[in-house]
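# Breakdown of the fold
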Amino acid sequence: MLKEFKEFALKGNIMDMAIGVIIGGAFQKIVTSLVNDIIMPAVAIFTGKVDFNDLIWTVGNSSIKYGAFITTIVDFLIIAFSIFIAIRTINKLNNKTKENMEKMAKNSKFMRNKKKVESVPEPTTKICPYCFSEINYKATKCPHCTSSLESKHDKPEQKEETTKATKTTRKKKTTITK
């Protein structure tokens, strides 16, 4: 059981997440200091109060600490904006890298010599092998000559036997009419 826990705890994703949590905690301390030591004193110039944590609204025996709530909201907005800027920067770098890779691929001798393989669309019609009329590709019986056509499920051996038998029948019919 201890061995399984060790394997689980030392997986790459778990370690990455742990490092992210530690860095996030440190970043949160920096942002809290920024809010308490720089932003709130700057806001205090306009409002006349230095410490918003002391703002309390008392109703009966209860007190609502809306000043602490305002400080927490400012903390959150700064953290959210910082994460937004970081992710936007990473996305721009990824897009530039992708564009550069595409340019390199276009300029590469190896890629220039390769011809693009276009996919061939599935046919919608075929020619009846008996009357040579154009019919639907999925048809199993010709609407013009009423001949039975091979289906996709027929085996190649059955196809050859059916074709030989039909040719023999046609030759006999032709000889009789002549």
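Residues numbered from 1 in each chain as written. Predicted model: local features only at pLDDT ≥ 70, side-chain atom pairs only at ≥ 80, totals over all residues. Heavy atoms only, no water.

A word on the overall build of the protein chain. Tallying secondary structure elements over the protein chain gives five helices and four strands in all. In the protein chain, which comprises 178 residues, the share counted as buried stands at 11%. Sequence-distant contacts in the protein chain: of pairs separated by 6 or more residues, those separated by 24 or more amount to 24%. (Helix = DSSP H or I, 4+ residues; strand = E, 2+ residues; numbered from the N terminus. Buried < 20%, exposed > 50% of the residue type's maximum accessible area, 1.4 Å probe, protein only. Contact = heavy atoms within 4.5 Å.)

Tracing the chain through its elements places Ile135 in strand S4 (residues 134–136). Residues Ile135 and Thr124 lie eleven residues apart in sequence; the distance between their C-alpha atoms is 8.7 Å. What Ile135 contacts, discounting residues up to four positions off in sequence, is Thr124, Thr125, Lys126, Cys128, Cys142, Pro143, His144 and Leu149.

This part is about a nonpolar patch on the surface. A surface patch of nonpolar side chains, amounting to about 460 Å² of accessible area, comprises Trp57, Val59, Ile64, Tyr66 and Ile70. Among the secondary structure elements, Val59 is positioned in strand S1 (residues 57–59). (Patch = residues over 30% accessible without salt bridge, like charges linked within 9 Å, V, L, I, M, F, W, Y side chains within 5 Å. Areas by Shrake-Rupley, 256 points an atom, 1.4 Å probe, with all protein chains shown as cover. Salt bridge = Lys/Arg side-chain N within 4 Å of Asp/Glu carboxyl O.)

Another aspect to go through is the nonpolar core. Most often, soluble globular proteins have nonpolar side chains that are buried together. Grouped together as the largest cluster of nonpolar side chains are seven residues: Val31, Val35, Met40, Phe52, Leu55, Val74 and Ile78. Listing elements by their share of this core, those giving two or more residues are helix H2 (12–47) and helix H3 (66–107). Considering each element in turn, this core owes the most residues, three residues, to H2. Those residues within four positions of Ile78 in sequence are excluded, and the remaining contacts are Val31, Leu34, Val35 and Ile39. (Core = buried A, V, L, I, M, F, W, Y, C linked by side-chain atoms within 4.5 Å.)

If you trace the backbone, Asp75 turns up in helix H3. When near neighbours in sequence (up to four residues on either side) are disregarded, Asp75 contacts Val31, Thr32 and Val35.

All told, the structure shown has one aromatic pair when counted by the stated rule. Ring centres of Phe81 and Phe84 lie 6.4 Å apart, and the angle between their planes is 35 degrees; this geometry places the pair in the tilted category. Here the residue Phe81 and the residue Phe84 both occupy positions in helix H3, the gap between them amounting to three residues, near one helical turn. The exposed category is assigned to Phe81, whose relative accessible area is 52%. (Phe/Tyr/Trp six-rings, centres within 6.5 Å; stacked < 30°, edge-to-face > 60°.)

So, about the environment of Cys145. With respect to the helices and strands, Cys145 occurs in the loop between S4 and helix H5 (156–177). Classification of Cys145 by relative accessible area gives partly exposed; the value is 26%. Distance from Cys145 to Cys131, taken between C-alpha atoms, is 6.3 Å for residues 14 residues apart in sequence. Leaving out residues up to four positions away in the same chain, Cys145 has contacts with Cys128, Tyr130 and Cys131.

This part is about the side chain of Thr71. Positionally, Thr71 belongs in helix H3. Residue classification places Thr71 among the buried positions, given a relative accessible area of 7%.

Now for unusual backbone geometry. In the Ramachandran plot, Phe132 falls in the positive-phi region, its phi being about 60 degrees despite a non-glycine side chain. Tracing the sequence through the fold places Phe132 in the loop between strand S3 (125–127) and S4.

When pLDDT is averaged across the protein chain, the result is 76; 76% of the residues are at 70 or more. Ranking the elements of the protein chain by mean pLDDT puts H5 last, at 49, and strand S2 (residues 62–64) first, at 90. Considering only residues more than four positions removed or in separate chains, one finds that residues 153–159, a stretch of pLDDT under 50, has one contact. (pLDDT = per-residue confidence, 0-100.)

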